[in-house]
Amino acid sequence: MIIAFWAAGVAASAQMRLTLPQALDLALSENPTVKVAEMEVQRYDYVKRQTWGNLLPQISASGSYTRSIVKSEMRGGISFGADNTFAVQGDLSLPLFAPSVYRTLKMNDAQMATAVEAARASRIDLTAEVKKAFYNILLAEQSLAVLRESEATVQRTVDDTQVQYKHGLASEYDLLTAQVQLSNLKPTILQTENSIKLAKLMLKMYLSIPEDVEIEVVGELDALRDDVLAGLTTDVTDNSDLRTLELQEEVLRRSLKAANAGRMPTLAAFGSASYTGNDMEPFNFGGAAATDDSRYFWTHPISVGLQLSVPIFSGLTKMNRSRELKNQISQLSLQRSYARQQIDVQVRSALNDLLTARETMYAQELTVEQARKAYKISDTRYRAGAGTILELNSAQLSQTQAQLNFSQAIYDYLSAKAEYDRIVGREHGNK
């Protein structure tokens, strides 16, 4: 559905309108990182099928033709052997007891689980990055709107002051001060416009959207901040890094069992069937030819049996392989223990950042209301001739800065929530 929406948008006007859920769905379906992770899961499915193949019958067939140039001879001129030999042979082998194959299948299951977890990790990381990129665009656009509004307000002050200056009601200093403040806003506006372009390029990269396609994000930071913080916890059971280490340790344990199984006997059934034809000249016994006129002799032996293979000595390679795997398991166990401590610290830090960002956001919201009220008072005083241009400029700058700080606080809050979700291992759509 998302792909169809994308294709329709491109065909219509080379422009897309995206909400946050649509952006996430598109990223999770089109991003190359996710596709590679899913292909890796499929690869391990093929690996397991290869292992299964070792338990299935192995059938082979061969054929040969031999032409005798010089045949063997005995004393007395007796020669034997065929001038032309045709042979066809078929072989069948069926494992009856193969412990190493059974253990390898268990290891393949653990490898598959590791690949699945890696795919989940890529989706979690991509979700966090797409959210931050989306929020960054909304922040830049909201900041630009605040700066545009501030520019319009300052422009109105410049126009009013210029009229007053012409009538001798305002000094040239007041007019220059207002014009300087207006000029100071322009570089900031240009910088904000460029930041919007860069933020959209970043989002296009995550969503695998061509650069020539224009995108428009739908939503406001003020609306997104109303998400209720429910189910906050320091439980990192679903953390992808920890789960990956656990699964990697399981793969090593399964590998160790598979290596140890290589020391056990194996039993296989086999069968062989052949069909051989010899084109033979009559035997020559001292110059007297045989009276048998038949020139063809055909044989078709069939045999079956059991083969038991018992490993006795392999140059200590299997023993040292087991030691190597045990060493790796010990290393990974230490890494997992240390990683658990690090992630415990990370989740507590992320939770603290999230709660701090929320309180900062609420404080900045109150500051915006206070700054707006202060500006209205200053504007009224200035127009009544009771205030100065410096007071008005200061109040206007304070209002603009408070609005920008409020937008930044919302962005920090939403980004902290996205980072918290990444650490605890929450996927897109999970609360």
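Residues numbered from 1 in each chain as written. Predicted model: local features only at pLDDT ≥ 70, side-chain atom pairs only at ≥ 80, totals over all residues. Heavy atoms only, no water.

**Structural notes on the overall build of the protein**
(1) Moving on: When its secondary structure is counted, the protein shows 9 helices and 11 strands.
(2) Moving on: By residue count, 37% of the 431 residues in the protein fall in the buried class.
(3) Moving on: The long-range fraction of contacts in the protein, counting pairs at least 24 apart against all pairs at least 6 apart in sequence, stands at 83%. (Helix = DSSP H or I, 4+ residues; strand = E, 2+ residues; numbered from the N terminus. Buried < 20%, exposed > 50% of the residue type's maximum accessible area, 1.4 Å probe, protein only. Contact = heavy atoms within 4.5 Å.)

**Looking at the packing of aromatic side chains**
Two aromatic rings, taken as a pair, are described by how far apart their centres are and by the angle between their planes.
(1) Moving on: Applying the stated criterion to the full structure yields 3 aromatic pairs.
(2) Moving on: Arranged with centres 6.4 Å apart and planes meeting at 65°, the rings of Phe97 and Tyr102 form a pair that is edge-to-face.
(3) Moving on: Aromatic side chains Tyr275 and Trp298 sit 5.4 Å apart centroid to centroid with 20° between the ring planes, which places their arrangement in the stacked category. Of the two residues, Tyr275 is situated in strand β7 (residues 266-279) and Trp298 in strand β10 (residues 296-299); the sequence distance between them amounts to 23 residues.
(4) Moving on: Exposure remark for Trp298: the relative accessible area of 43% places this residue in the partly exposed category. (Phe/Tyr/Trp six-rings, centres within 6.5 Å; stacked < 30°, edge-to-face > 60°.)

**Notes on the packing of helix α3 (residues 32-53) against helix α4 (residues 99-166)**
(1) Moving on: Look at α3 against α4: their axes get within 9 Å of each other, and the N-to-C directions meet at 175°. On the basis of the axis angle, α3 is roughly antiparallel to α4. (Axes fitted to C-alpha atoms, helices over the stretch in contact; angles between N-to-C directions. Parallel < 35°, antiparallel > 145°, perpendicular 65-115°, else oblique.)

**Points about the nonpolar core**
(1) Moving on: Among the nonpolar cores identified, the biggest contains 57 residues, and Val130, Leu203, Leu207 and Ile209 are the most heavily contacted of them.
(2) Moving on: Considering each element in turn, this core owes the most residues, 13 residues, to helix α8 (residues 317-383).
(3) Moving on: Core analysis: the next-biggest nonpolar cluster, separate from the first, contains 17 residues, Leu144, Leu147, Ala178 and Leu185 among them. (Core = buried A, V, L, I, M, F, W, Y, C linked by side-chain atoms within 4.5 Å.)

**Side note on the side chain of Thr400**
(1) Moving on: Residue position: Thr400 is located in helix α9 (residues 389-424).
(2) Moving on: By relative accessible area, which is 6% here, Thr400 ends up buried.
(3) Moving on: Of the polar contacts made by the side chain of Thr400, one reaches the side chain of Ser150; its length is 3.0 Å.
(4) Moving on: The contacts of Thr400, once residues within four sequence positions are left out, are Val146, Leu147 and Ser150. (Polar contact = N/O pair within 3.5 Å; in protein donor to acceptor, adjacent residues only side chain to side chain.)

**With respect to the side chain of Thr161**
(1) Moving on: In this fold, Thr161 is placed in helix α4.
(2) Moving on: A distance of 3.1 Å separates a polar atom in the side chain of Thr161 from a polar atom in the side chain of Tyr382.
(3) Moving on: In this view, Thr161 contacts Ala170, Asp174, Leu175, Tyr382 and Ile389; residues no more than four positions away in its chain are not counted.

**Side note on unusual backbone geometry**
(1) Moving on: Even without being glycine, Ser208 reaches a positive phi, approximately 55°.
(2) Moving on: Note on Ser208: relative accessible area 32%, which makes it partly exposed.
(3) Moving on: Of note in this structure, Leu316 is not a glycine but carries a positive phi near 65°.
(4) Moving on: Tracing the chain through its elements places Leu316 in the loop between β11 (302-309) and α8.
(5) Moving on: With relative accessibility at 44%, the residue Leu316 sits in the partly exposed group.

**Regarding the environment of Ser330**
(1) Moving on: By the element assignment, Ser330 lies in helix α8.
(2) Moving on: When its relative accessible area of 44% is taken as the criterion, Ser330 is described as partly exposed.
(3) Moving on: Along the backbone, Ser330 and Glu249 are 81 residues apart, and their C-alpha atoms lie at a distance of 9.0 Å.

**Description of the environment of Ala259**
(1) Moving on: Following the sequence through the fold, Ala259 ends up in helix α7 (residues 240-261).
(2) Moving on: Counting along the chain gives 62 residues from Ala259 to Arg321, while the straight-line C-alpha distance between them is 7.2 Å.
(3) Moving on: In contact with Ala259, other than residues within four places in its own chain, are Arg321, Ser322 and Leu325.

**Here we look at the pattern of salt bridges**
(1) Moving on: By the definition in use, this model includes 25 salt bridges.
(2) Moving on: For the salt bridge of Lys48 with Asp109, the shortest nitrogen-to-oxygen distance reads 2.5 Å. Placement of the pair is Lys48 in helix α3 and Asp109 in helix α4, with a sequence separation of 61 residues.
(3) Moving on: Linking Glu427 and Arg123 is a salt bridge whose minimum nitrogen-to-oxygen distance equals 3.2 Å. Highlighted residues: Glu427 in the segment after α9 and Arg123 in helix α4, separated in sequence by 304 residues. (Salt bridge = Lys/Arg side-chain N within 4 Å of Asp/Glu carboxyl O.)

**Here's the deal with the pairing of strand β6 (residues 214-217)**
(1) Moving on: Residues Ile215 and Val217 of β6 are buried on one face, while the alternating residues Glu214 and Glu216, pointing to the opposite face, are not.
(2) Moving on: Relative to β6, strand β1 (residues 15-18) is paired through 4 bridges, and the arrangement is parallel. Opposite Gln15, over in β6, you have Glu214 as the bridge partner. (Pairing = 2+ DSSP bridges.)

**A word on the environment of Gln164**
(1) Moving on: Note on placement: Gln164 falls in helix α4.
(2) Moving on: The spacing of Gln164 and Leu175 is 11 residues in sequence and 9.0 Å in space, taken between C-alpha atoms.

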